[in-house]
Amino acid sequence: MLLVVTYSRRARETLRNACRAHEETVVRRFGRAALLRETEYGAFLAYRLRERHAADVQVERTEPFNEFADAPDAVREAAAAYEARESPSTPYDRFATGTDHPNSDAMREREL
Amino acid sequence: MTGGGFDRRFAIRLPDGTTESGPIADLRDADASVVPAASQLQRAIRCGGPNPPDGPAVHAPPPGRVHAHVARLASDTTVRTRPALAAVAADRGVETPHDDDLADAIRSFRALSPAPVCDADLRTARRRAAEAGAETERLRERVATVRGRVTALRDGGSADDEALTAAEASLSEATRRLSEVATERVAAAQRLALLEERARSARDRRETRLRLEDRIGNLERAVRAARIDAVADDFRDARHALAALSRDADSDVDFSGIASGLLDALTVVRIAPIRAPVVAAPEVTAAFGGPRPAFEALDSPLVIR
């Protein structure tokens, strides 16, 4: 999908109007951002916004996140184990100590 | 309600050189060929000089905010009361609990210039990255094709050495080009990533600006609402008082021909601290029983036209 984020009142206004007028192309709206369908028309709308508001518009292309393909197994396993922990108040790093799960600082350092 | 601490005197110079002075300037009997239209008078009062040679010149204190709402009083006058009351309160100097916050927000906003995002550079970088990517793909296919031909010639045990040599030369050329273009592609991708990273941090500042803009908008609405609240009772009382004048059998005031919109406008004039003259149509002053009673009831300098 195309994620369009606006950074000025005018750009936000244009985005809102575009979303109202082209509901079929809008997947989701969030205040000053919107997810557009990945069609040529979605690209057309995103590009028009960028043409009109230049740096006040950010366009990103998003993909569904596949935890089996997009992140190391250790990360997926750590998340699953942490969510299944017995004591809900345990912070992650204490939970990870003494296990094979990566610590949070190490994960912050490593890009996917 | 005369007085109020303002000097209500003003002067109008008509295009023929004659001068009328107020607090009440009555142009009903002025020479029809030189007397300016009400709209010309309004403009001269609102804008001051320089005046066009064929227009009136008005020497009066500068108009307050409320002037924009009640510059002219005539039988068809209407007024949007809420904005007009907010202007009355502003002209009265009414303070609200949000004034300081609003001033702070405006100051912060002005101090925070939008961080430059070099959009043209980013666009160029995006284009280069896209072109380098496409070119790499094209050359990769070409290398595969030429390599296929070389392999076929070798495997075929072809006696055509010349063809094999040419194919091998062509393969080495294509491979060389591919390696060049692949390097360019990496450089272009790195450049794009760098610029996008910079744009992302510049957007943090824009985001702060946008939040401030929203805060300013909310505070402005709050200030407006507080101002209106501050004078709403005065407005209601003054409107009753004006209507009561008309019901008084001993007075010359007769509002029977006055529409509700005009009565609202008259009330706004009555409660506002008005320094610059308001242009009143003769039928309006007539409803008060003449210019002088109108001036006293409205507590405002008047040009009757």
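Given the structure is predicted, the values throughout are model-derived calculations rather than measurements. (Residues numbered from 1 in each chain as written. Chains lettered and ligands numbered in written order. Predicted model: local features only at pLDDT ≥ 70, side-chain atom pairs only at ≥ 80, totals over all residues.)

## Some words on the overall build of chain B
Line of reasoning, step 1. The helix and strand tally for chain B stands at nine helices and seven strands.
Line of reasoning, step 2. For chain B, the proportion of its 305 residues judged to be buried stands at 29%.
Line of reasoning, step 3. Counted over contacts in chain B with a minimum sequence separation of 6, partners at least 24 positions apart contribute 74%. (Helix = DSSP H or I, 4+ residues; strand = E, 2+ residues; numbered from the N terminus. Buried ≥ 20, exposed ≤ 12 C-beta atoms within 10 Å, placed from the backbone. Contact = placed C-beta atoms within 7 Å.)

## Observations concerning the overall build of chain A
Line of reasoning, step 1. Per the secondary structure count, chain A includes five helices and four strands.
Line of reasoning, step 2. The N-to-C order of helical and strand elements in chain A reads β-α-β-β-α-β-α-α-α.
Line of reasoning, step 3. Here chain A, with 112 residues, has 18% of them falling under the buried criterion.
Line of reasoning, step 4. Long-range pairs, those at least 24 residues apart, make up 56% of the contacts in chain A with a sequence separation of at least 6.

## Quick word on the pairing of strand β1 (residues 10-13) of chain B
Look at any regular strand and the pattern is simple: side chains alternate between the two faces of the sheet.
Residues and elements named next belong to chain B.
Line of reasoning, step 1. Side-chain alternation along β1 places Phe10 and Ile12 on a buried face and Ala11 and Arg13 on a face that remains uncovered.
Line of reasoning, step 2. As paired strands, β1 and strand β2 (residues 19-22) are joined by four bridges and run antiparallel to one another. Bridge pairing links Phe10 to Gly22 in β2.
Line of reasoning, step 3. From the end of β1 to the start of β2, which pair antiparallel, there are five residues, and Gly17 there has a positive phi angle of about 95°.
Line of reasoning, step 4. Bridging between β1 and strand β4 (residues 57-59) involves three bridges; their strand directions are antiparallel. Residue pairing for β4: Arg13 is matched across the bridge by Ala57. (Pairing = 2+ DSSP bridges.)

## Side note on the sheet that holds strand β3 (residues 33-36) of chain A
All names here are of chain A.
Line of reasoning, step 1. Pairing within the open sheet is antiparallel, and its four strands lie in the order β2-β3-β1-β4. Edge positions in the sheet fall to β2 (26-30) and β4 (57-61), since each has one partner strand and no second. Going across the sheet, the axis of each strand differs from the next one's by a mean of 15°, ignoring polarity.
Line of reasoning, step 2. Bridge analysis of β2 against β3 gives four bridges, and the strand direction is antiparallel. (Axes fitted to C-alpha atoms, helices over the stretch in contact; angles between N-to-C directions.)

## A word on the sheet that holds β4(B)
Residues and elements named next belong to chain B.
Line of reasoning, step 1. Read from one edge of the open sheet, three strands run β2-β1-β4, paired in antiparallel fashion. Each edge of the sheet is formed by a strand with only one pairing partner; in this case those strands are β2 and β4. Taken pair by pair, the neighbouring strands of this sheet meet at an average axis angle of 15°, ignoring direction.

## Some remarks on the interface of chain A and chain B
Line of reasoning, step 1. At the interface, seven residues of chain A touch seven residues of chain B.
Line of reasoning, step 2. Partitioned by chemical class, the residues of the side of chain A that touches chain B number three nonpolar, two polar and two charged. (Nonpolar A, V, L, I, M, F, W, Y, C, P; charged D, E, K, R; others polar.)

## What to know about the nonpolar core
Line of reasoning, step 1. Judged by nonpolar contacts, the single largest core of 51 residues is most densely connected at Val70(B), Leu73(B), Val88(B), Val268(B), Val269(B) and Val278(B).
Line of reasoning, step 2. If we skip the residues at most four places from it in the chain, Val70(B) touches Val79(B), Ala84(B), Ala265(B), Val268(B), Val269(B) and Val278(B). (Core = buried A, V, L, I, M, F, W, Y, C linked by C-beta atoms within 7 Å.)

## Overview of the environment of Glu24(A)
Residue and element names in this part refer to chain A.
Line of reasoning, step 1. Within the fold, Glu24 resides in the loop between α1 (9-21) and β2.
Line of reasoning, step 2. Residue class for Glu24 comes out exposed when judged on the 8 C-beta atoms lying within 10 Å of it.
Line of reasoning, step 3. Separated by 17 residues in sequence, Glu24 and Tyr41 have C-alpha atoms that sit 9.9 Å apart.

## Section: the environment of Gly148(B)
Line of reasoning, step 1. Tracing the chain through its elements places Gly148(B) in helix α5 (residues 119-155).
Line of reasoning, step 2. Residue Gly148(B) is classed as exposed on the basis of its 12 C-beta neighbours within 10 Å.

## Quick look at unusual backbone geometry
Line of reasoning, step 1. In the Ramachandran plot, Ala54(A) falls in the positive-phi region, its phi being about 45° despite a non-glycine side chain.
Line of reasoning, step 2. With respect to the helices, strands and loops of the structure, Ala54(A) is situated in the loop between α2 (40-53) and β4.
Line of reasoning, step 3. In the Ramachandran plot, Asp299(B) falls in the positive-phi region, its phi being about 55° despite a non-glycine side chain.
Line of reasoning, step 4. Within the secondary structure layout, Asp299(B) lies in the loop between α9 (291-298) and β7 (302-304).

## Regarding the confidence of the model for chain B
Residue and element names in this part refer to chain B.
Line of reasoning, step 1. Considering every residue of chain B, the mean pLDDT works out to 87; 97% of them sit at 70 or more.
Line of reasoning, step 2. Of all helices and strands in chain B, the one with the weakest mean pLDDT is β2 (82), whereas helix α3 (residues 81-92) scores best (95).
Line of reasoning, step 3. For the stretch residues 1-5, pLDDT sits under 50, and the model shows six contacts to residues farther than four places along the chain or on other chains. (pLDDT = per-residue confidence, 0-100.)

## Here we look at the packing of helix α4 (residues 99-111) of chain B against helix α6 (residues 161-247) of chain B
Residue and element names in this part refer to chain B.
Line of reasoning, step 1. Two numbers describe how α4 lies on α6: the axes approach to 9 Å, and their chain directions differ by 155°. Of the possible angle classes, the one that applies to α4 and α6 is roughly antiparallel. Judged by the sense of rotation from one axis to the other, the crossing of α4 with α6 is left-handed. Residues Asp99, Asp101, Leu102, Ala105, Ile106, Ser108 and Phe109 of α4 touch α6, and the partners they reach there are Arg209, Leu212, Glu213, Arg215, Ile216, Leu219, Glu220 and Val223. (Parallel < 35°, antiparallel > 145°, perpendicular 65-115°, else oblique. Left-handed = near helix turned anticlockwise from the far one by under 90°.)

## Some thoughts on the packing of α5(B) against α6(B)
Residues and elements named next belong to chain B.
Line of reasoning, step 1. Where α5 meets α6, the axes come as close as 7 Å, and the angle between the chain directions of the two elements is 160°. With respect to their mutual orientation, α5 and α6 come out roughly antiparallel. With respect to the hand of their crossing, α5 and α6 are arranged in left-handed fashion.
Line of reasoning, step 2. The residue makeup of the contact of α5 with α6, split by class, is 22 nonpolar, four polar and 14 charged.

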